[in-house]
Amino acid sequence: MPKDVIVVVNLDAKPNPSEALDILILSTAGAKDPAIYRSLEEVAEDYPNSGTTAKIYRKVSALFEQGKTTLADTLIRKVKIAGIAPPTGQDDGEKAEALITAIETLRQTDDDWYMLLTDQDGDDYVKALCAWAEGTEPTEAELGAGEEDHRKFYFGQTDNLSLAVKNRRCALIYTDTENLDEEADAAYLGNVGPFYPQSVTWKFKVPQGITMPAITSAQREALEEANVNFLTEEYKKQYVKNGVCCDGEFIDNQLGADYIASYMREELYAVLLENAKVPYTDAGFALVAGAVFATLNRATDLGIIARDPESDAGVFSVVVPKRADATDEEARARQMPDITWEALLEGAVHRVKVVGTLRATLTA
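Residues numbered from 1 in each chain as written. Predicted model: local features only at pLDDT ≥ 70, side-chain atom pairs only at ≥ 80, totals over all residues. Heavy atoms only, no water.

Considerations on the pairing of strand β8 (residues 237-241)
The side chains of a regular strand alternate, first on one face of the sheet and then on the other.
In step 1: As paired elements, strand β7 (residues 230-234) and β8 share five bridges and run antiparallel to each other. The residue of β8 that forms the bridge with Thr232 is Tyr239.
In step 2: Counting the residues in the hairpin turn of β7 and β8 gives two residues, including Tyr235, whose phi is positive at 50°. (Pairing = 2+ DSSP bridges. Helix = DSSP H or I, 4+ residues; strand = E, 2+ residues; numbered from the N terminus.)

With respect to empty space enclosed by the protein
In step 1: Under the criterion given, the structure shown has one cavity of 30 Å³ or more.
In step 2: Residue lining of the largest cavity: 15 residues in total, with Tyr196, Gln198, Ser199, Trp202 and Leu255 positioned closest to the centre.
In step 3: For the lining of the largest cavity, the residue count by class is ten nonpolar, four polar and one charged. (1 Å grid on protein atoms, 1.4 Å probe; cavity = no way out; pocket = protein on both sides within 12 Å on 5 of 7 lines; lining within 4 Å. Points joined across faces, edges and corners; volume = space filled by probe spheres on them. Nonpolar A, V, L, I, M, F, W, Y, C, P; charged D, E, K, R; others polar.)

A closer look at the state of the cysteines
In step 1: For the structure on display, the rule yields zero disulfides.
In step 2: Looking at the unpaired Cys170, the closest cysteine sulfur is the one in Cys130, lying at 3.3 Å.
In step 3: Between Cys246, a free cysteine, and Cys170, which holds the nearest cysteine sulfur, the sulfur-to-sulfur gap is 3.4 Å. (Disulfide = S-S within 2.5 Å.)

A look at the environment of Leu24
In step 1: Along the chain, Leu24 falls in strand β1 (residues 23-27).
In step 2: Residue classification places Leu24 among the buried positions, given a relative accessible area of 1%.
In step 3: Residues Leu24 and Ser217, spaced 193 residues apart in sequence, show a C-alpha to C-alpha distance of 35 Å.
In step 4: For Leu24, the contacting residues outside a window of four places in its chain are Lys80, Ile81, Ala82, Leu106, Trp113, Met115, Leu116 and Leu117. (Buried < 20%, exposed > 50% of the residue type's maximum accessible area, 1.4 Å probe, protein only. Contact = heavy atoms within 4.5 Å.)

Observations regarding the layout of surface pockets
In step 1: For the largest pocket, the calculated volume is near 1,900 Å³.
In step 2: What lines the largest pocket is a set of 43 residues, and nearest its centre among them are Leu143, Met264, Arg265, Leu268 and Ile339.
In step 3: Listing elements by their share of the lining of the largest pocket, those giving two or more residues are α5 (140-144), α8 (251-274), α9 (282-301) and β10 (340-343).
In step 4: Of the residues in the lining of the largest pocket, the class split is 24 nonpolar, seven polar and twelve charged.

Focus: the packing of helix α2 (residues 54-64) against helix α6 (residues 184-192)
In step 1: In contact at an axis separation of 7 Å, α2 and α6 are set at 25° when each is read in the N-to-C sense. As far as their axial angle goes, α6 and α2 are roughly parallel. Here α2 runs over α6; the crossing is right-handed. Contacts between α2 and α6 involve Lys59, Ala62 and Leu63 on the former and, on the latter, Asp185, Ala186, Ala187, Leu189 and Gly190.
In step 2: When grouped by side-chain class, the residues that make up the contact of α2 with α6 number five nonpolar, one polar and two charged. (Axes fitted to C-alpha atoms, helices over the stretch in contact; angles between N-to-C directions. Parallel < 35°, antiparallel > 145°, perpendicular 65-115°, else oblique. Left-handed = near helix turned anticlockwise from the far one by under 90°.)

A few points about a nonpolar patch on the surface
In step 1: Together, Val5, Val7 and Val9 line one region of the surface with nonpolar side chains, adding up to about 360 Å² of accessible area.
In step 2: Following the sequence through the fold, Val9 ends up in the segment before β1. (Patch = residues over 30% accessible without salt bridge, like charges linked within 9 Å, V, L, I, M, F, W, Y side chains within 5 Å. Areas by Shrake-Rupley, 256 points an atom, 1.4 Å probe, with all protein chains shown as cover. Salt bridge = Lys/Arg side-chain N within 4 Å of Asp/Glu carboxyl O.)

Focus: the side chain of Thr300
In step 1: Along the chain, Thr300 turns up in helix α9.
In step 2: If near-sequence neighbours (up to four positions away) are discounted, Thr300 is found in contact with Ile305, Ala306, Arg307, Gly314 and Phe316.

Let's talk about the packing of aromatic side chains
In step 1: Tallied over the entire structure, the rule returns eleven aromatic pairs.
In step 2: Ring centres of Tyr196 and Tyr259 lie 5.9 Å apart, and the angle between their planes is 85°; on these two criteria the pair is classed as edge-to-face. Of this pair, Tyr196 sits in the loop between α6 and α7 (217-225) while Tyr259 sits in helix α8, and the two are 63 residues apart along the sequence. The residues Tyr196 and Tyr259 share a single accessibility class, namely buried.
In step 3: Summarising the aromatic geometry, the rings of Phe293 and Phe316 are spaced 6.4 Å apart at their centres and angled 55° between planes, so their arrangement reads as tilted. One end of the pair, Phe293, is in helix α9; the other, Phe316, is in strand β9 (residues 316-319), and 23 residues separate them in sequence.
In step 4: Clustering of aromatic rings is evident, with ring pairs tying together Phe153, Phe155, Tyr188 and Trp202.
In step 5: Stacked on the ring of Tyr47, the Lys or Arg Lys32 has its end atom at 5.8 Å from the ring centre.
In step 6: Positioned over the ring face of Trp113 is Lys152, at 4.1 Å from the centre of the ring. (Phe/Tyr/Trp six-rings, centres within 6.5 Å; stacked < 30°, edge-to-face > 60°. Lys NZ or Arg CZ within 6 Å of the ring centre and 35° of its normal.)

Some remarks on the nonpolar core
In step 1: Grouped together as the largest cluster of nonpolar side chains are 52 residues, with contacts concentrated most on Ile23, Met115 and Phe155.
In step 2: Not counting residues up to four positions away in its chain, the partners in contact with Met115 are Leu21, Asp22, Ile23, Leu24, Phe153, Phe155, Leu189 and Leu255.
In step 3: With 30 residues, the next largest nonpolar core counts Leu26, Ile103, Leu116 and Leu172 among its residues. (Core = buried A, V, L, I, M, F, W, Y, C linked by side-chain atoms within 4.5 Å.)

So, a negative patch on the surface
In step 1: On the surface, a cluster of negative charge is made up of Asp91, Asp92, Glu94, Glu97 and Asp124.
In step 2: Here the negative patch takes three residues from helix α3 (residues 92-107), the largest share from any one element.
In step 3: Mapped onto the fold, Glu97 is located in helix α3.
In step 4: With a relative accessible area of 55%, Glu97 lands in the exposed category. (Lys, Arg positive; Asp, Glu negative; His and termini not counted. Charge placed at Lys NZ, Arg CZ, Asp CG, Glu CD.)

Here it is in structure tokens:
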């Protein structure tokens, strides 16, 4: 016999998990299982600041110690480090191939990371890592064939003024040979990375602990043409130019696109897993589309997608199919017709020109 009074209290106030860059630093000084580190003291136990592991320690130090110059409200205080055996081969090219093989082997057991740094800065290693990173994003055909999307981004440094790679999903910063130990790549990432997933320009940032390279104007122009970032000085103001990936795309645009893909996938799974049934109807299609709208609105709040100055809404459009649009084959397979969308990137100001005229008198 049911009770006359039934009280049910649901606590629906779970804190949202924090969103931060999932960074892996890969050591080639010896095999060691992946582990999470939250302080330099923890790092020093497994990767001492001496011998073959000193470079890993310095990278984490540069990554963590950006408190004096970062514009972010927080700092990176979490990093995953894994170790592999020193790559072998007849030359650096073969060793670089061995490094890529080792990374792919690691991914078979631990693929829960996004941003990669390594302790290898040589040209062959950098080229191989850039090419590898670009290849981690599956094509639409590969996704359709069942491949999972675990795209990566490689962040590296170089002391070669002539190095030029054109791959996407990677970014390089130049540093003088004598200053390679400053770990400019980790310092740059540690300075701007805390903003993630908020979209901010990677230009005009001042990473702590890196030295102005002694290069000429011509060499700076060459680095710009090669899409290699570098610390520069203009009118006694030091900052990094130009905040770009190796293919010329802006870093914030690439990270923003990756974030949208990841967030939208999570939102779509939530719809499918949290509903007993998503009906094959217009209402069901609209329920699924809600995940797309939620993602695009989130991207707007983060400054990835532009806002309309009048309505303050995100500048995007979504085409949601109707049940009538589905073919018989799609209906039998319970495959919803494609949802398509377009959005306007917010972008950022990178250059300013002001033209003014001083007159003796002003005319009406």
